[in-house]
Amino acid sequence: MKKDFAVIFDLDGTLLNTDSLIMETFQYVFKKYFPNYKLNQEELLSFLGPSLWETFSRYVSKDKVDELVECYKEYNHQHHENFVTIYPYVQETLEILKQRNYPLVIVTSKTTEAAYIGLDLFNISNYFDEVIGIDKVKNAKPDPEGILKALSMTNCVKGVMIGDNISDIKCGKNADIYTIGVKWSPKGYQEMEGFGVDLLIDDMSEIVKFIEEVSEEC
């Protein structure tokens, strides 16, 4: 019997290490459209988290954003195998949670199609009850729409959001659920810590005990 406590994950930077792919893809797009523009490390790190539309809107007019987004997607989708890895203990942790009948959901700022490319690459798609990409919501994180949709689709009232970015933590707080931040983001975890994240972890296996404890309290 399914539990009524949803475990909701961000994808990039949380389950899968896509940082190199993301930065490589942005560098490809900028080289093509802005050959004389030099991206610095601070800018590249600022691209981790926000939606593509939000990021590219900083550099081009609204009528040009879709073109850059499509260029990004085409390159990105073709190069997952070259750059993406899975973080330690992710699959083992998903297996434990699945065996204990927790509904598992992805809420990501990338498209659902792109999310499945990464999930399928490491054979972990089958662990998730739902995958909610940016194309399935009207409002991106930190708006709680994705989480609220996840709760509704899994018939849960409470849950936890696990992510690597302040937008993930704000999203969880806005949805009034628990939040867990991972410490392995290149952007650091201090901002999440300062925002009152419920738990910070050094590896994914640490979430199981916390989830078991708080789900019993709900």
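Within every chain, residues take consecutive numbers counted from 1 along the sequence as written. Residue-level local features of this predicted model are given only where pLDDT is at least 70; pairs of side-chain atoms are given and counted only at 80 or more, and the full residue set underlies all totals for whole chains, interfaces and linings. To obtain the side-chain values, all non-hydrogen atoms of the structure were included, while hydrogens and water were left out.

Engineer: So what's going on with the side chain of Thr14? Which residues, and what values?
Structural biologist: Labels follow the DSSP assignment, with helices taken as runs of H or I lasting at least four residues and strands as runs of E lasting at least two, numbered in each case from the N terminus. Summarising the element assignment, Thr14 is placed in the loop between strand 1 (5-9) and strand 2 (16-17). Working definition: with a 1.4 Å probe on protein chains only, accessible area under 20% of the residue-type maximum means buried, over 50% means exposed, and in between means partly exposed. For Thr14, a relative accessible area of 0% puts it in the buried group. Polar contacts, as counted here, are pairs of nitrogen or oxygen atoms within 3.5 Å of one another; within protein the pair requires one atom able to donate a hydrogen and one able to accept it, and residues that are adjacent in sequence qualify only if both atoms are side-chain atoms. In terms of polar contacts, Thr14 uses its side chain to reach the backbone amide nitrogen of Asp164, at 3.2 Å. If we skip the residues at most four places from it in the chain, Thr14 touches Tyr87, Val90, Ile162, Gly163, Asp164, Val182, Trp184 and Met204. Throughout, a contact is declared for two residues whenever any of their heavy atoms are within 4.5 Å.

Engineer: Which residues make up the nonpolar core, and what are the values?
Structural biologist: Formed by 34 residues in total, the largest nonpolar core has its most connected members in Phe9, Phe128 and Ile207. Listing elements by their share of this core, those giving two or more residues are strand 1, helix 6 (90-99), strand 4 (104-107), helix 7 (112-121), strand 6 (158-163), strand 7 (178-182) and helix 11 (207-217). Of all the elements, helix 11 adds the most residues to this core, at five residues. Excluding residues that lie within four positions of it along the chain, Phe128 makes contacts with Phe9, Leu15, Leu94, Lys98, Leu104, Val105, Ile106 and Leu119. Here, the term nonpolar core denotes a set of buried Ala, Val, Leu, Ile, Met, Phe, Trp, Tyr and Cys residues that are joined through side-chain atoms within 4.5 Å. Phe30, Leu52, Val69 and Cys71 belong to the second-largest nonpolar core, a separate cluster that totals 18 residues.

Engineer: Help me get a handle on the side chain of Thr55, residues and values and all.
Structural biologist: Within the secondary structure layout, Thr55 lies in helix 3 (residues 52-56). Look at Thr55 and you get buried, because its relative accessible area is 1%. The residues touching Thr55, leaving out its near neighbours within four places in the chain, are Phe26, Phe47 and Pro50.

Engineer: Go over the environment of Asn17 with me, naming the residues and quoting the values.
Structural biologist: Position of Asn17 relative to the elements: it lies in strand 2. The spatial distance from the C-alpha of Asn17 to the C-alpha of Trp184 is 9.4 Å, given a sequence separation of 167 residues. If we skip the residues at most four places from it in the chain, Asn17 touches Phe83, Val84, Thr85 and Tyr87. At 3.4 Å, the side chain of Asn17 and the backbone nitrogen of Asp19 are in polar contact.

Engineer: Give a description of the pairing of strand 7 that names residues and reports values.
Structural biologist: Strand 7 sits mainly inside the fold: four of its five residues count as buried. Sheet analysis places strand 6 next to strand 7, joined by four bridges and oriented parallel. Across the sheet, Ile162 pairs through a bridge with Ile180, a residue of strand 7. Note that the unit made of strand 6, helix 9 (residues 166-174) and strand 7 has a crossover that is right-handed. When DSSP locates at least two bridges between a pair of strands, those strands are taken to pair. Orient the strands so they point away from the viewer, and a crossover whose first-strand-to-second-strand path over the helix runs clockwise is right-handed.

Engineer: How would you summarise the packing of helix 1 (residues 19-33) against helix 4 (residues 62-78) if you had to cite specific residues and measurements?
Structural biologist: Each pair of packed helices can be described by the angle between their axes along with the distance between the axes. At a minimum axis distance of 9 Å, the contact between helix 1 and helix 4 shows a crossing angle of 130°. Judged by the inter-axis angle, helix 1 sits oblique to helix 4. Judged by the sense of rotation from one axis to the other, the crossing of helix 1 with helix 4 is right-handed. Residues Leu21, Ile22, Glu24, Thr25, Phe26, Tyr28, Val29, Lys32 and Tyr33 of helix 1 pack against Glu67, Leu68, Cys71, Tyr72, Tyr75 and Asn76 of helix 4. Every axis corresponds to a line fitted to the C-alpha atoms, with the helix fit spanning only the stretch in contact, and the corresponding angles, defined between N-to-C directions, vary from 0 to 180 degrees. Here roughly perpendicular refers to angles of 65 to 115 degrees, roughly parallel to angles under 35, roughly antiparallel to angles over 145, and oblique to all remaining angles. Crossing handedness follows the turn of the near helix against the far one: under a right angle anticlockwise gives a left-handed crossing, and clockwise gives a right-handed one.

Engineer: Got a sec to walk through the packing of helix 6 against helix 11? Specific residues and values, please.
Structural biologist: Here helix 6 crosses helix 11 at 25°, and the two axes come no closer than 10 Å. Classified by the angle their axes make, helix 6 and helix 11 are roughly parallel. The handedness of the crossing between helix 6 and helix 11 comes out as right-handed. Contacts between helix 6 and helix 11 involve Thr93, Ile96 and Leu97 from the first element and Ile207, Val208 and Ile211 from the second. Think of it as three bins: nonpolar holds Ala, Val, Leu, Ile, Met, Phe, Trp, Tyr, Cys and Pro, charged holds Asp, Glu, Lys and Arg, and polar takes everything else, Gly as well. Broken down by class, the residue content of the contact of helix 6 with helix 11 amounts to five nonpolar, one polar and no charged.

None of the figures reported here should be taken as evidence of function without further support.
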